[in-house]
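# Structure assessment
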Amino acid sequence: MLNIQENIPLAEYTSFRIGGPAKFFVEVSTKDELLEALDYAKENSLFFFILGGGSNLLVSDQGFDGLIIKMKLNGFKIVGNSIEAESGVALAKVVNSSINEGLTGMEWAAGIPGTVGGATRGNTGAYGKSIADVIKSVEALETSKLQATRPQRLSVAMAGVANYKLQDCKYGYKDNIFKQNPNLIVLSVKIKLQKGDKEKSQQEIREMMEKRRINHPQGVGSAGCFFINPVVTDEKVIEELKKDGIECRDGQVPAWWLIDDVGLRGKKIGGAIVSEEHTNFIVNAGGATAEDIITLVSLIKQKVRNKFNIQLREEVQYLGF
Ligand SMILES: Cc1cc2nc3c(=O)[nH]c(=O)nc-3n(C[C@H](O)[C@H](O)[C@H](O)COP(=O)(O)OP(=O)(O)OC[C@H]3O[C@@H](n4cnc5c(N)ncnc54)[C@H](O)[C@@H]3O)c2cc1C
């Protein structure tokens, strides 16, 4: 029996620590519970939203007038060089368990919060690597294919469940079919790693964590990098970057550089600040509202557009706006 709660403050479910209440909120630990929750939304004509770790999310101050489905599906196993993880498993668990088993391939994800589901949908990555490099297949539920699922909930619903091989997921930089199609809910992921050297992996992780400690804001609310790095062909911009010793990977200009160049490092609106340590991080320095963040985001986009004719796009997802 599902425990559907009402009027639950969402701020505590996000790394930004911002956001009003969810009208309805439920945690699901099994596929069957997920289907029950989707049934509930359908029967009550509610919008629903799938919540992972809330680490790439900005919730409006008014909250969300629908059903939040918090993914707690936590099945996890390692077989040989492969990992099977359900979508609610923390990415950190995948990193730690793989290293403990002497497997290599997940080191880049050390220090990234959130769940396997959120990472699969966002093509989460760092230091030139991403989850798409290790995914073998993804099991996902296509909610638009769900009929009324009672009384034979699972068997009928299975019509909407499919396995997507890596090439079917159409991964690109911060892009894939799960992002393009909001009706797809990631249920579980198969990850393929290699046999590695535990000591070497641990050393790599220590170095990456140190880089994060130095270059990322610490001890404040944020949602990681706020903007996607735009692809730029303007030779003048590329030249300027070269002068600063910055390389454009796959034609991408680091969004932090654009924001820094328009003079917004440290810019504060209400409780929202452009991080001094990393200008693509907007931080909640205490008491920031979603309104503060959005106002700062608008200013950043406007200044970058005016100077570089580049339209920044958010990596962070908005909810309830
Ligand atoms: C301090 C910090 C550092 C970070 N560093 C990085 C970094 O180095 N690289 C990077 O890429 N990101 C980084 N991030 C951003 C964030 O951690 C990742 O994007 C993370 O993978 C998001 O996962 P989540 O479970 O928290 O997703 P959520 O924030 O809960 O959700 C994000 C989106 O994914 C959807 N979603 C969640 N679960 C599912 C599912 N099962 N099926 C379908 N859709 C789903 C949600 O509906 C939402 O649209 C950082 C964030 C913070 C706070």
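Along each chain, numbering runs from 1 in the same order as the chain's sequence is written. Predicted model: local features are reported for residues with pLDDT of at least 70 only, side-chain atom pairs are reported and counted for 80 or more only, and whole-chain, interface and lining totals are derived from all residues.

What follows is about unusual backbone geometry. Notably, Tyr127 is not glycine yet its phi reads approximately 50 degrees, a positive angle. Here Tyr127 shows up in the loop between strand E9 (125-126) and strand E10 (129-130). The backbone phi angle of Lys170 is positive, close to 50 degrees, even though this residue is not glycine. The exposure scheme places C-beta atoms from the backbone and then counts, for each residue, the other C-beta atoms within 10 Å of its own, assigning buried at 20 or more, exposed at 12 or fewer, and partly exposed in between. Residue Lys170 is classed as partly exposed on the basis of its C-beta count, with 14 C-beta atoms lying within 10 Å. Only DSSP runs of H or I covering at least 4 residues are called helices, and only runs of E covering at least 2 are called strands; the numbering of each starts at the N terminus.

Hydrogen bonds between backbone atoms are what pair the strands of a sheet, whose relative direction is either parallel or antiparallel. Taken together, the 5 strands give an open sheet; going across it, the order is E6-E7-E13-E11-E12, and neighbouring strands pair in antiparallel fashion. Strand pairing shows two members of the sheet lacking a second neighbour, strand E6 (76-79) and strand E12 (161-165), which therefore form its edges. On average, each strand axis in the sheet is inclined to that of its neighbour by 20 degrees, with strand direction left out of account. We treat two strands as partners when DSSP finds at least two bridges between them. Examined bridge by bridge, strand E7 (residues 82-86) and strand E13 (residues 184-192) share 5 bridges and lie antiparallel to one another. Within E13, the position partnered with Ala85 by the bridge is Val189. Residue pairs qualify as contacts under a 7 Å threshold applied to their C-beta atoms, which are placed from the backbone. Every axis in this analysis is a line fitted to C-alpha atoms, fitted for helices over the stretch in contact. Angles between the N-to-C directions lie between 0 and 180 degrees. Its contacts with the sheet place helix H2 (residues 91-100) against E6, E7 and E13, and it is angled at close to 155 degrees to E7.

Here we come to the site of the ligand. Residues are classed as near a molecule or strand if the C-beta position derived from their backbone is within 6 Å of it. Residues in close proximity to the ligand total 31 residues, the closest being Gly52, Gly114, Gly117, Gly118 and Gly224. Put simply, the parts of the chain that give the shell around the ligand at least two residues each are strand E3 (48-51), helix H3 (116-122), E9 and E13. The element that contributes the greatest number of residues to the shell around the ligand is H3, accounting for 5 residues. Residues are sorted three ways: Asp, Glu, Lys and Arg are charged, Ala, Val, Leu, Ile, Met, Phe, Trp, Tyr, Cys and Pro are nonpolar, and all the rest, Gly among them, are polar. Of the residues belonging to the shell around the ligand, the class tally is 13 nonpolar, 17 polar and 1 charged.

Among the residues of H2, Leu91, Val94, Val95, Ser98 and Ile99 are the ones counted as buried. Around the axis of H2, the buried residues are gathered within 115 degrees of arc, so they sit on the same side. Elements that come into contact with the buried residues of H2 comprise E7, strand E8 (103-104), H3, E13 and helix H6 (198-215). An arc is given here, and it is the one of the directions from the helix axis to the C-beta atoms.

As a further point, take the nonpolar core. By convention the nonpolar core is taken to be a set of buried residues drawn from Ala, Val, Leu, Ile, Met, Phe, Trp, Tyr and Cys and joined through C-beta atoms within 7 Å. Grouped together as the largest cluster of nonpolar side chains are 84 residues, with contacts concentrated most on Leu58, Ile68, Ile69, Val94, Ala140, Ile282 and Ile293. With sequence-adjacent residues up to four places away left out, Ile68 is seen in contact with Leu10, Ala22, Phe25, Phe49 and Leu51.

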